[in-house]
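Residue strings, one per chain:
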Amino acid sequence: MQTHTHWTTVPESARGASAAIGNFDGVHLGHCTVIDLAREHGPLGILTFEPHPREYFAPHGKSFRLMNAESKHNRLEKNGVEHLFQLPFNAELAAMPPEDFARIVLKDGLGLSHVVIGADFCFGQGRSGTADDLVRFGEEMGFGVTVAPLLKTESGISSSSAIREALADGRMSHAKEMLGHWHRIEGAVNHGDKRGRDLGFPTANMSIDGLHAPKFGVYAVLVDVLTGKHQGSYRGAASLGVKPTFGANVPCLESYIFDFDGDLYGEHLSVGFVEFLRGEEKFNDLDDLISQMHADCDKARRILSALE
């Protein structure tokens, strides 16, 4: 997958692509519908923005992303995307009228032959352009436009906001129904305080900075080690939160991988959240904490074994 970071520097070899447009946070099933429609009309491209427009307009707002840039890149590549047009969302783009965006960016800059958008797509200054406007611009300027209907599942319309709500409630199966896969957090393993090792449960610690956090607590998880000599798929139990027993206040993800013996510091992991086991608790006695961790792992093993 080739990445292009501005509409003025796209090589001739990337012009003529059919691009799905959106932020693609989570790359959920609704996004995949849009991507599959774009695939029908030429070399497959994705047009997205960095930073996310929501971050641009509210830089100090609450973290909302379902996935980091690395995870989104990996997911799009797995979907067969050939060209990722990752445009800078800045003052110039934010102030661009809808017709200028269609002409300057889509037609002249990127040279797109076809674009696919969701029915709720808005674009241009003040989000004043609609899907109908883009269809009209496409007819006038010579590129095709397909408007994809919103995808409905048993849990409702598949959307990033609905997925965030499901994760915040610990409803991992509902999130999976909309995502098409278990919700995952990807990133590098950091050095922690090594308390888990002292307790007999060494964990791989990962930052969740900038991400929308699922409900704090303990989960049954599937862990993919993406780099290093221990690459492979594993099962485990993970704690997501602030470790109230030890007075921590920076949320992180700590994954205990079953039947694993090795060093994962600096390696990249993908942790899939299968089922919420219990909420965070503060334990006054370490023996009680250790006993609960054993119980959590036993429950996680049963749940993950049942997946087969």
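Quick caveat: nothing in here was measured; it's all calculated off a predicted structure.

Draft legend 1. Summary view of the overall build of the protein chain. What the protein chain contains, in helices and strands, is 10 helices and 16 strands. Its C-alpha atoms give the protein chain principal-axis dimensions of roughly 70 × 35 × 35 Å. For the protein chain, the residues scored as buried account for 48% of the 308 residues in total. Put simply, 73% of the contacts in the protein chain that link residues at least 6 apart link residues at least 24 apart. Here the protein chain has roughly 14,400 Å² of accessible surface; of this, 49% comes from carbon and sulfur atoms.

Draft legend 2. Summary view of the environment of Pro202. Mapped onto the elements, Pro202 comes out in the loop between α9 (195-198) and β12 (204-207). Pro202 sits 52 residues away from Glu254 along the chain, and the two C-alpha atoms are 9.0 Å apart.

Draft legend 3. Focus on the environment of Thr8. Within the secondary structure layout, Thr8 lies in the loop between β1 (2-4) and β2 (18-21). Residue class for Thr8 comes out exposed when judged on its relative accessible area of 58%. Sequence separation between Thr8 and Ala238 is 230 residues, and the spatial gap between their C-alpha atoms is 45 Å. There is a polar contact of 2.9 Å between the side chain of Thr8 and the side chain of His6.

Draft legend 4. Structural detail: the pattern of salt bridges. Under the defined criterion, the tally for this structure stands at 13 salt bridges. Ionic pairing is found between Arg136 and Glu140, a salt bridge with its closest N-O pair at 3.8 Å. Of this pair, Arg136 and Glu140 both sit in helix α6 (residues 131-141), 4 residues apart, which is roughly one turn of the helix. One network of salt bridges, in which partners are shared, links Glu50, Glu55 and Arg65.

Draft legend 5. Seen up close, the sheet that holds strand β4 (residues 83-88). Read from one edge of the open sheet, 6 strands run β1-β4-β3-β2-β5-β8, paired in parallel fashion. Unpaired on one side and paired on the other, β1 and β8 (144-148) mark the two borders of the sheet. When strand polarity is set aside, the average angle formed by the axes of neighbouring strands in this sheet is 25 degrees. Examined bridge by bridge, β1 and β4 share 3 bridges and lie parallel to one another.

Draft legend 6. Structural detail: the nonpolar core. Core analysis: the biggest nonpolar cluster contains 30 residues, and Leu47, Phe101, Val105, Leu106, Leu110 and Leu134 have the highest contact counts within it. Of all elements in the fold, only β2, β3 (44-50), β4, α4 (91-94), α5 (98-109), β5 (114-118) and α6 reach the threshold of two or more residues within this core. Those residues in contact with Leu110 that sit more than four places away from it in its chain are Trp7, Val10, Ala14, Arg15, Gly16, Leu47, Phe85, Leu87 and Val105. In terms of nonpolar packing, the next biggest core, distinct from the first, is built from 28 residues, Leu66, Ile163, Met206 and Val271 among them.

Procedures and definitions
Residues numbered from 1 in each chain as written. Predicted model: local features only at pLDDT ≥ 70, side-chain atom pairs only at ≥ 80, totals over all residues. Heavy atoms only, no water. Helix = DSSP H or I, 4+ residues; strand = E, 2+ residues; numbered from the N terminus. Buried < 20%, exposed > 50% of the residue type's maximum accessible area, 1.4 Å probe, protein only. Contact = heavy atoms within 4.5 Å. Areas by Shrake-Rupley, 256 points an atom, 1.4 Å probe, with all protein chains shown as cover. Polar contact = N/O pair within 3.5 Å; in protein donor to acceptor, adjacent residues only side chain to side chain. Salt bridge = Lys/Arg side-chain N within 4 Å of Asp/Glu carboxyl O. Pairing = 2+ DSSP bridges. Axes fitted to C-alpha atoms, helices over the stretch in contact; angles between N-to-C directions. Core = buried A, V, L, I, M, F, W, Y, C linked by side-chain atoms within 4.5 Å.

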